[in-house]
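# Geometric and topological summary
Each chain, letter by letter, is given below.
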Amino acid sequence: ENKLVEGDQGAYGLYIKKVNGITADYDIDQSYWAFYKNGEMMMTGVDGTEIKDGEHYELVYTKS
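Description of the structure in this document.

Cut-off values and rules
Residues numbered from 1 in each chain as written. Predicted model: local features only at pLDDT ≥ 70, side-chain atom pairs only at ≥ 80, totals over all residues. Heavy atoms only, no water. Helix = DSSP H or I, 4+ residues; strand = E, 2+ residues; numbered from the N terminus. Rg over C-alpha atoms; globule rule 2.2 N^0.38 Å. Buried < 20%, exposed > 50% of the residue type's maximum accessible area, 1.4 Å probe, protein only. Contact = heavy atoms within 4.5 Å. Areas by Shrake-Rupley, 256 points an atom, 1.4 Å probe, with all protein chains shown as cover. Lys, Arg positive; Asp, Glu negative; His and termini not counted. Charge placed at Lys NZ, Arg CZ, Asp CG, Glu CD. Pairing = 2+ DSSP bridges. Salt bridge = Lys/Arg side-chain N within 4 Å of Asp/Glu carboxyl O.

### What about the overall build of the protein chain?
Helices and strands together make up the secondary structure of the protein chain, namely 1 helix and 6 strands. Written out in order from the N terminus, the α and β elements of the protein chain read β-β-β-α-β-β-β. Relative to the globule expectation of 11 Å for 64 residues, the C-alpha radius of gyration of the protein chain, 12 Å, shows essentially globular dimensions. Looking at the protein chain as a whole, 17% of its 64 residues are labelled buried. For the protein chain, restricting intrachain contacts to residue pairs at least 6 apart in sequence, the fraction spanning at least 24 positions comes to 35%. In the structure as shown, the protein chain presents an accessible area of about 5,000 Å², 49% of it carried by carbon and sulfur atoms. Put simply, the protein chain has 6 plus and 12 minus side-chain charges, and the middle of one group is 3 Å from the middle of the other.

### Quick word on the sheet that holds strand S5 (residues 40–41)
Pairing within the open sheet is antiparallel, and its 3 strands lie in the order S5-S4-S6. Each edge of the sheet is formed by a strand with only one pairing partner; in this case those strands are S5 and strand S6 (57–63). Pairing of strand S4 (residues 31–37) with S5 involves 2 bridges; the strand directions are antiparallel. Among the inter-strand pairings, Lys37 is bridged to a residue of S5, identified as Glu40.

### Considerations on the pattern of salt bridges
Following the criterion strictly, the structure yields 2 salt bridges and no others. Asp8 serves as the salt-bridge partner of Lys17, at 3.5 Å between the closest nitrogen and oxygen. Classification of Lys17 as partly exposed rests on a relative accessible area of 21%. Judged by its relative accessible area of 39%, Asp8 is partly exposed. Here Lys17 makes a salt bridge to Asp25, at a shortest N to O gap of 3.9 Å.

If you want it as structure tokens, here you go:
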């Protein structure tokens, strides 16, 4: 809705490549956006996760 994230649709859902203007591209430098809920890395995609009040969500720039 606010266009804070950009990415590509893939077999597992939305693969986020850009958050708030900052790009992470695994193909270029092994960086990616990790998705966390309450401090734990999620094993589901952002577009397949139900967002609930009272929970804390983060997208963290990560580099392998």
